[in-house]
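# Fold and contact review
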Number of protein chains: 2
Amino acid sequence: MNSSFDRQMVLAAATETSNQAPLVLLGVILSLVVIYCASKLGAECSNRLGLPPVLGELVGGVLVGVSALHLVVFPGEGMDGTHSLIMQFLQLTNGLSPESVNPTFSATSEVISVLSELGVIVLLFEIGLESNLSELVKVGPQALVVATVGVAIPFLVGTVGAIALFHLPVHSSHFAGAALTATSIGITSKVLSELGQLSSTEGQIILGAAIADDILGIVILAVVASLAKKGEVDVSNIAYLVVSAVVFTSIAIVFAKYFNTAFLAVANLFSTRGGLIMTAVVFALIMAYIGAAIHLEAILGAFAAGLVLDETEKREHLEELIEPIADITVPIFFVTVGAKTNLGVLNPFIEANREGLIIAIFLITVAILGKVATGLAVFGYEKINRLAIGVGMIPRGEVGLVFAGVGAASGILSDALNAAIIMMVIITTFIAPPLLRVVFPNPDPQP
Amino acid sequence: MNSSFDRQMVLAAATETSNQAPLVLLGVILSLVVIYCASKLGAECSNRLGLPPVLGELVGGVLVGVSALHLVVFPGEGMDGTHSLIMQFLQLTNGLSPESVNPTFSATSEVISVLSELGVIVLLFEIGLESNLSELVKVGPQALVVATVGVAIPFLVGTVGAIALFHLPVHSSHFAGAALTATSIGITSKVLSELGQLSSTEGQIILGAAIADDILGIVILAVVASLAKKGEVDVSNIAYLVVSAVVFTSIAIVFAKYFNTAFLAVANLFSTRGGLIMTAVVFALIMAYIGAAIHLEAILGAFAAGLVLDETEKREHLEELIEPIADITVPIFFVTVGAKTNLGVLNPFIEANREGLIIAIFLITVAILGKVATGLAVFGYEKINRLAIGVGMIPRGEVGLVFAGVGAASGILSDALNAAIIMMVIITTFIAPPLLRVVFPNPDPQP
């Protein structure tokens, strides 16, 4: 309760006890103000330069994050509360005591992290609503082929190249290859939506492939991680992942119309304010929970939820309602991705980075060409923009950062390789949005 | 990042390291699902019984909270992670390890608490938008008188009665009196909004008085707390509070039209999606921060932000955009208030409660009659619903709980008095919404 904390603060001042609870709320409020300003300024500049707004949100995140202003930073990598300018501001102006800096910082960061995760859940739910289930099913085979090629080529070329060219250990090379397979659904789908290309055939193939890619990526990561840890593949775990992915997707597609009927029946029950939006949000959250609980991803569940509701008669109204919610939650995600990106790895004056830079050039080349090549694998369409499909698969984004993080946590990556993987993720993430605008024919700035 | 946690979960399964981070997200998702279901079912039942929906949300909160189902519980009062059914569910189905239950529980509770605080900020911003600044200024003198009478009578009668009738110590009696002064802006304004009475003269007087009451309450609490702690009043602290309240309110009122102009100028700068809502949200957050930073309240700042924007030409559009955001954030606040309410104090089979019950009967009588009497203090209007104004000031809600909490933390309240204060808060909170529906002439259920 809000009032509670403020009154406790008054009491704390009066009785000199130290209750720092209100400061978490203040930390969150300040972080949100910084995040919103960074995202809107970034989006606006980017749009005026003819680039996709989401690129500006990422850059805005970099500016306020660990690489530059240190306004929005997160624990880890030697960061603690004393590095956060927001915590310093709270110390100066709100009597945050030095010993409470770190607990307040952790709690604030935890809240912002969860809000950013909820943001990408809302984003994928919205993308699901904007997508068309039957259209997506129609391009299903193409999407699967694109995803498979886009996973296989970068993984094989990346792994073999790392071993042959740079004489890296086999298990490290597997991680480098695995990191190359990722595609960021969040960034790709947001750019497509901004370009008005989400419902084009190319857009639907990219979206379907990015989703299949995400599932394949989870499987690859499980294989690589268990190889690195145990020296062998944990077959039962892999089988479980594959089966749960197939079952989840099948149920969502086959029972879509029943979900629709049940959804409308429940939403129509309510006579009080907010019945429709709340039913939709609860449905999305439950599907996100199921997606995460079966060890796929929360965002896949949220996307499936949006997708099965896309034929609801209330869809248009629902899209209107979800829009302002997305407007204030999704930027938290993109700015957080930017804020967590440490551009320090690009600094050639640091020794480890120099070796990393050479590996990075190789990885970036494979990352771009390997995904662009996937466009050639599309069959059954004569006049299709194969280049756009390939380019749409390029951004590694938050997914690539995770692969890098998992590799780093396993302890088998050298500093140079680790830096190279992060560089590859950064470059592919930041060049994909402008490239997509170039390869799609009608690059009108958002009205 | 969402993906991060899921993939780390796969790795955790594969490498048997224990990374519990994703479980905070899952805990938050499950808590939100429970909160939304409780609020919507409660609101719906309440509305069909001809009662205000918000009463149902509070009752729904009680059902899922510490008093009954233990689905949404918060640390403190002997509660830890092992009492939370959601944590038990995560242990059963998502491999939450026993030693991680408490950290996950704390982090999840922290996130839900902050979301609930953001919820009441959104609520007061929305109420501010729906209110009319010039109308509120017009009823200002009446509101001030109502608030003053509504603070003075309960405080004096409560304190003197506690000393004279129950022979309680002076400082404890001060706390009992102070707790009687509170008025819950959140509950009162929500019920008025549901009844369509927010813009009536009565509604505006109640709202203005509830706000003045909130500021007076902060001052009274500071006085009582410093009396209990130091045996004397900390004059400089009290003077600071009074001055900052007056300055803050004056600036908001006098510069309202400049805020409007500046707001529109900024919002019109943006060509990308979400410019209007984000400008409004950033403005509300900054005002909430200022409200809290000067030791008033975040919600007062948010209310002022809504109020000064109420004459913006984009107000109607803004109200449409804020509505779905309020629909999914405000219920978190009301359910949390209900969930934190421990009905155990009403149990007459517990020894301390029996003594408490007798004191409670006295406090509840003073609480109701003392506020109803304030209606008589309204001057300058012949045909005004004085009873409605008095009844509108009855609910103590979250504000009353805080007074009780501060008293309990000071250690000078006996168990019986503490229980009695909480009983008074519960009863006044739960009877006010149905009473308000009775005293306002057109109790149509929401369409």
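Everything in this summary refers to the structure shown in the same document. Every chain begins its residue count from 1, and numbering advances along the sequence as written. All chains are assigned letters beginning with A, and all ligands numbers beginning with 1, in the order in which they are written. Totals for whole chains, interfaces and linings use all residues, but because this is a predicted model, local features are given only for residues with pLDDT of at least 70 and pairs of side-chain atoms are given and counted only at 80 or more. Where side-chain values are given, they derive from all heavy atoms of the structure, hydrogens and water being excluded.

### Structural notes on the overall build of chain A
What counts here: Numbering of helices and strands runs from the N terminus, with a helix taken as a DSSP run of H or I at least four residues long and a strand as a DSSP run of E at least two residues long. Only C-alpha atoms enter the radius of gyration; for comparison, a globular chain is expected to reach 2.2 Å times N to the power 0.38, where N is the number of residues. With a 1.4 Å probe rolled over the protein chains alone, any residue whose accessible area is under 20% of its type maximum counts as buried; one over 50% counts as exposed, and the rest are partly exposed. Contact between two residues is taken to exist if any of their heavy atoms lie within 4.5 Å; hydrogens are not considered. Only the protein chains shown count as cover for residues, and the accessible areas themselves come from Shrake-Rupley with a 1.4 Å probe. His residues and chain termini do not enter the charge count, which takes Lys and Arg as positive and Asp and Glu as negative. Note on charges: their place is set at NZ of Lys, CZ of Arg, CG of Asp or CD of Glu.
On a plain count of helices and strands, chain A comes out with 19 helices and zero strands. At 23 Å, chain A has a C-alpha radius of gyration in line with the 22 Å of a compact globule built from 447 residues. Along the first, second and third principal axes, the C-alpha atoms of chain A reach 75 × 65 × 50 Å. Burial analysis of chain A (447 residues in total) assigns 63% to the buried set. In chain A, once contacts between residues fewer than 6 apart in sequence are set aside, the share between residues at least 24 apart is 76%. About 15500 Å² of surface is accessible on chain A, with carbon and sulfur atoms providing 67% of the total. In chain A, 18 side chains carry a positive charge and 33 a negative one; their mean positions are 5 Å apart.

### Examining the interface of chain B and chain A
The cut-off we apply is this: In short, buried area is how much 1.4 Å probe accessible area vanishes from two parts on joining, totalled over both. By definition, a salt bridge exists where a carboxyl oxygen of Asp or Glu is found within 4 Å of a side-chain nitrogen of Lys or Arg. Pairing of N or O atoms within 3.5 Å defines a polar contact, subject to two protein rules: one partner must be a possible hydrogen donor and the other a possible acceptor, and residues neighboring in sequence count only if both atoms are side-chain atoms. Note on residue classes: Ala, Val, Leu, Ile, Met, Phe, Trp, Tyr, Cys and Pro are nonpolar, Asp, Glu, Lys and Arg are charged, and everything else, Gly too, is polar.
Counting residues at the interface gives 98 residues for chain B, matched by 97 residues for chain A. Carbon and sulfur atoms make up 69% of the surface buried where chain B meets chain A, a total of about 8600 Å² over both sides. Where chain B touches chain A, the interface holds four salt bridges. Salt-bridge contacts for Arg273 of chain B lead to Glu126 of chain A; the nearest nitrogen and oxygen are separated by 2.8 Å. On the surface where chain B and chain A come into contact, there are 22 residue pairs in polar contact (both at pLDDT 80 or more). Across the side of chain B that touches chain A, the residue classes break down as 61 nonpolar, 19 polar and 18 charged.

### Points about the relation of the copies chain B and chain A
Let me state the cut-off plainly: Fitting of the copies onto one another was done by least squares over C-alpha atoms, counting residues only where both copies have pLDDT of at least 70.
When chain B is fitted to chain A, the best match, at an RMSD of 0.0 Å, comes from turning it 180° and sliding it 0.0 Å along the axis. As the rotation angle and translation indicate, the two copies are arranged about a two-fold axis.

### Examining the packing of helix 5 (residues 101–130) of chain B against helix 9 (residues 185–194) of chain B
Residue and element names in this part refer to chain B. Here is the rule we go by: Here an angle of 0 to 180 degrees is reported between the N-to-C directions of two axes, which are lines fitted to C-alpha atoms, with helices fitted over the stretch in contact. For classification, angles of less than 35 degrees are called roughly parallel, those exceeding 145 degrees roughly antiparallel, those between 65 and 115 degrees roughly perpendicular, and all remaining angles oblique. Each crossing gets its hand from how the near helix is turned against the far one by less than a right angle, where anticlockwise is left-handed and clockwise is right-handed.
In contact at an axis separation of 10 Å, helix 5 and helix 9 are set at 45° when each is read in the N-to-C sense. By the angle between their directions, the pair helix 5 and helix 9 is classed as oblique. Crossing of helix 5 over helix 9 shows left-handed handedness. Taking contact as the criterion, the partners of Leu123, Leu124, Ile127 and Glu130 in helix 5 are, on helix 9, Ile185, Gly186, Ser189, Lys190 and Ser193. Split into classes, the residues belonging to the contact of helix 5 with helix 9 amount to four nonpolar, three polar and two charged.

### Looking at the packing of helix 7 (residues 140–166) of chain A against helix 16 (residues 351–372) of chain A
Residue and element names in this part refer to chain A. Close contact between helix 7 and helix 16 brings their axes to 9 Å; oriented N to C, the two are set at 155°. Of the possible angle classes, the one that applies to helix 7 and helix 16 is roughly antiparallel. You can see that helix 7 and helix 16 cross each other, and the crossing is right-handed. Of helix 16, the residues touching helix 7 (which contributes Gly150, Val151, Ile153, Pro154, Val157, Gly158, Gly161, Ala162, Leu165 and Phe166) are Ile358, Ile359, Phe362, Val366, Gly370 and Lys371. Of the residues belonging to the contact of helix 7 with helix 16, the class tally is 11 nonpolar, four polar and one charged.

### Regarding the pattern of salt bridges
As enumerated under the stated definition, the model contains 14 salt bridges over all chains in all. Across the pair Glu319 of chain A and Arg315 of chain A runs a salt bridge whose closest N-O atoms are separated by 3.0 Å. Of the two residues, Glu319 of chain A and Arg315 of chain A both sit in helix 15 (residues 315–340), four residues apart, roughly one turn of that helix. The exposure class assigned to Arg315 of chain A is partly exposed, which follows from its relative accessible area of 23%. One continuous salt-bridge network, built from bridges that share partners, spans Glu126 and Asp327 of chain A together with Arg273 of chain B.

### Overview of the packing of aromatic side chains
How two aromatic rings sit relative to each other is given by the distance of their centres and the angle of their planes. This is how it is decided: In summary, the pairing rule links any two rings of Phe, Tyr or Trp, Trp by its six-membered ring, whose centres are within 6.5 Å, and it sorts them by plane angle into stacked for under 30 degrees, edge-to-face for over 60 and tilted for everything else. Each ring is checked for a lysine NZ or an arginine CZ that lies within 6 Å of its centre and within 35 degrees of its normal; such an atom marks a charge sitting over the ring.
This structure, assessed with the given rule, holds 10 aromatic pairs over all chains. The interplanar angle of 50° and the centroid separation of 6.0 Å between the aromatic rings of Phe255 of chain B and Tyr258 of chain B together place this pair among those described as tilted. Given the relative accessible area of 40%, Phe255 of chain B is considered partly exposed. One Lys or Arg, Lys40 of chain A, reaches over the ring of Phe270 of chain B and ends 5.5 Å from the middle of that ring. Over the aromatic face of Phe74 of chain B sits the side chain of Lys340 of chain B, whose NZ or CZ is 4.6 Å from the ring centroid.

### Comments concerning unusual backbone geometry
A positive phi is found at His295 of chain A, a non-glycine position, where the angle reads about 70°. Counting through the fold element by element, His295 of chain A comes out in the loop between helix 13 (275–293) and helix 14 (298–308). Backbone geometry at His70 of chain B places phi at a positive 60°, although glycine is not the residue there. Relative to the helices and strands, His70 of chain B is located in the loop between helix 3 (53–64) and helix 4 (85–94).

### A look at the environment of Val111 of chain A
With respect to the helices, strands and loops of the structure, Val111 of chain A is situated in helix 5 (residues 101–130). The exposure class of Val111 of chain A is buried, given its relative accessible area of 1%. Residues contacting Val111 of chain A, with those up to four places away along its chain left out, are Val28 of chain A together with Glu110, Val111 and Val114 of chain B.

### Points about the environment of Met278 of chain B
Turning to its location among the elements, Met278 of chain B is positioned in helix 13 (residues 275–293). Since its relative accessible area comes to 4%, Met278 of chain B is described here as buried. Placed 11 residues apart in sequence, Met278 of chain B and Ala267 of chain B show a C-alpha to C-alpha distance of 8.3 Å. Beyond its immediate sequence surroundings of up to four residues, Met278 of chain B is in contact with Tyr36, Ser39, Lys40, Asp327, Ile328 and Pro331 of chain A.

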